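Geometric and topological summary
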Amino acid sequence: MNLDDVMQQVHAHPQKTIAVAAADNAKVIEGVKEALDCRLGSFRLYGDEEKIRRLLHDAGLNEYNHIKVIPTRDMEESARLAVTAVRTGKADILMKGMLPTSDLLKSVLNKEYGLRTNKTLSHVAMFEIPEYERFIFLTDSAMNIAPDLTKKADIIANAVHAARSMGFEHPKVAALAAVEVVNPDMQSTLDAAVLTAMNNRGQIKHCTVDGPLALDNAISTEAAAYKGIKGEVAGRADILLVPTVEIGNTLYKSLVYFSKAKVGGIIAGAKAPIVLTSRADSNKSKLYSIAMACHMIEFEQNIAAGGR
């Protein structure tokens, strides 16, 4: 299965609605058009109404009946109304348009109308890597700068939830470090060892965690065997937990620019998935991100209905 298959699978479920904050931008409307062409959902577009309608006309979207335009005075109101739409059930997914990430997250975390929970917000990326036999999830490459042990446990839980929504019933999580042994001078190895123990004691559920593991021993069975590293996760990791955002961001961009990997990503840990792509992301990446969010909503609805 590849990410294009993931998009196609969205069609098997009821259509979801995406609320886009600050949608009054040509690149945003271009992404909306492609998502509509791929039948990924319907849209509520927040922003300057006149500009949005002009951009929709220029994009040839006049005939679409899966778009609702909601006028707003500025970016702050656009973010607030888009978040409120998700909070009140008018939309299922929140998506960032052309506004600063900090402005959107300010509304997401608002105590009165936001989408905050008792969980840590974290980014989960899903990669399709050329000549690699399976998907790899990477977390956290965008949100948490230097998470402590408690936040790392939350970040794992978010990533596991996302992976399970994509069909990974019991994902394998590698807590990455530079070495495979616990070194008191390297906090990442200490945290990895404790996270592994927490998982063994049932404190981190629905997955198998092992660490510390270096990247090669997490994804290559040959490298793990050469170093004599055994276990269910060694060489077979589904989820890579990075110790800091610098490592996550560098690994993310290395996969995209050096390996030409395809990727989708969401912010997890809120009351609904958030599509928070950057201006540098391709339209395809935005489509994959929306598809991921749709699968997560379906998974959560299935759980609420008494499913897995």
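The structure we're discussing is the one just above.
Attention in this report is confined to the structure presented alongside it. (Residues numbered from 1 in each chain as written. Predicted model: local features only at pLDDT ≥ 70, side-chain atom pairs only at ≥ 80, totals over all residues. Heavy atoms only, no water.)

This part is about the overall build of the protein chain. The helix and strand inventory of the protein chain stands at eleven helices and eleven strands. When the backbone C-alpha atoms are referred to their principal axes, the protein chain occupies close to 65 × 40 × 40 Å. Residues counted as buried form 54% of the 308 residues belonging to the protein chain. A separation threshold of at least 6 residues defines the contact pool for the protein chain, and within that pool the share at least 24 residues apart is 70%. For the protein chain, the computed accessible surface area is about 14300 Å², with 51% contributed by carbon and sulfur atoms. The protein chain carries 36 positive and 36 negative side-chain charges, and their two centres are separated by 4 Å. (Helix = DSSP H or I, 4+ residues; strand = E, 2+ residues; numbered from the N terminus. Buried < 20%, exposed > 50% of the residue type's maximum accessible area, 1.4 Å probe, protein only. Contact = heavy atoms within 4.5 Å. Areas by Shrake-Rupley, 256 points an atom, 1.4 Å probe, with all protein chains shown as cover. Lys, Arg positive; Asp, Glu negative; His and termini not counted. Charge placed at Lys NZ, Arg CZ, Asp CG, Glu CD.)

Its twelve residues place the ends of helix H2 (residues 26-37) 16 Å apart at the C-alpha level, agreeing with the 16 Å of an ideal helix rising 1.5 Å per residue. Along H2, the residues classified as buried are Val28, Ile29, Gly31, Val32, Ala35 and Leu36. In an axial view of H2, the angular spread of the buried residues amounts to 155°, which keeps them on one side of the axis. Buried residues along H2 sit against strand E1 (17-21), strand E2 (42-47), helix H3 (49-58), strand E3 (67-71) and helix H11 (283-304). Sitting at the amino-terminal end of H2 is asparagine 25, which places a side-chain oxygen 2.9 Å from the backbone nitrogen of lysine 27. (Expected span 1.5 Å × (residues − 1). Arc of directions from axis to C-beta. Polar contact = N/O pair within 3.5 Å; in protein donor to acceptor, adjacent residues only side chain to side chain.)

Turning next to the pairing of strand E4 (residues 93-96). Across the two faces of E4 the burial is the same, with Ile93 and Met95 and Leu94 and Lys96 all buried. With two bridges joining them, E4 and strand E11 (residues 274-275) adopt parallel strand pairing. Bridging across to E11, leucine 94 finds its partner in isoleucine 274. (Pairing = 2+ DSSP bridges.)

Take the pairing of strand E7 (residues 172-176) next. Of all five residues that make up E7, five are buried, and the element is covered over most of its length. By the alternation rule, side chains of E7 split into Lys172, Ala174 and Leu176 and Val173 and Ala175, which are all buried. Alignment of E7 against strand E8 (residues 208-213), held across four bridges, turns out to be parallel. Following the sheet pairing, leucine 176 is matched in E8 by leucine 213. Handedness of the crossover joining E7 and E8 through helix H7 (residues 187-200): right-handed. The sheet contact formed by E7 and strand E9 (residues 239-241) spans three bridges and is parallel. Among the inter-strand pairings, valine 173 is bridged to a residue of E9, identified as isoleucine 239. (Right-handed = clockwise from strand over helix to strand, strands pointing away.)

Okay, unusual backbone geometry next. Cis peptide bonds are those with omega within 30 degrees of zero, and the linkage from threonine 139 to aspartate 140 qualifies with 0°. Examined against the element boundaries, aspartate 140 turns out to sit in the loop between strand E6 (136-139) and helix H6 (149-165). With an omega of 5°, the peptide bond between glycine 211 and proline 212 qualifies as cis. A positive phi angle, near 65°, is found at histidine 206, a position not held by glycine. With respect to the helices and strands, histidine 206 occurs in the loop between H7 and E8. If you check the backbone angles, lysine 260 has positive phi at about 55° while not being a glycine. Mapped onto the elements, lysine 260 comes out in the loop between helix H10 (245-257) and strand E10 (262-268).

Within the largest apolar cluster, 57 residues are counted, with the highest numbers of intra-cluster contacts made by Phe43, Leu45, Ile156 and Ile290. Broken down by element, the residue count for this core peaks at nine residues, all from H11. Apart from residues no more than four positions distant in its own chain, isoleucine 290 is found in contact with Ile18, Ala35, Leu40, Phe43, Ile93, Met95 and Val275. (Core = buried A, V, L, I, M, F, W, Y, C linked by side-chain atoms within 4.5 Å.)

Summed over all chains, the structure comprises two aromatic pairs. Geometrically, the ring pair formed by phenylalanine 127 and tyrosine 252 is edge-to-face, given 5.2 Å between the ring centres and 75° between the ring planes. On the criterion of sequence distance, the pair formed by phenylalanine 127 in strand E5 (residues 122-128) and tyrosine 252 in helix H10 is long-range, its members being 125 residues apart. Taking 5.3 Å as the distance between ring centres and 90° as the angle between the ring planes, the aromatic pair formed by phenylalanine 137 and phenylalanine 168 counts as edge-to-face. With phenylalanine 137 in strand E6 and phenylalanine 168 in the loop between H6 and E7, this residue pair connects regions lying 31 residues apart in the sequence. (Phe/Tyr/Trp six-rings, centres within 6.5 Å; stacked < 30°, edge-to-face > 60°.)

Axes are the key here: two packed helices are described by the angle between their axes and the distance separating the axes. Viewed as axis vectors pointing N to C, H2 and H11 meet at an angle of 55°, and their least axial separation amounts to 10 Å. Judged by the angle between their axes, H2 and H11 are oblique. The interaxial crossing formed by H2 with H11 has right-handed handedness. Across from Glu30, Gly31, Glu34 and Ala35 in H2, the residues of H11 making contact are Asn283, Leu287 and Ile290. Here the residues of the contact of H2 with H11 are counted per class, giving three nonpolar, two polar and two charged. (Axes fitted to C-alpha atoms, helices over the stretch in contact; angles between N-to-C directions. Parallel < 35°, antiparallel > 145°, perpendicular 65-115°, else oblique. Left-handed = near helix turned anticlockwise from the far one by under 90°. Nonpolar A, V, L, I, M, F, W, Y, C, P; charged D, E, K, R; others polar.)

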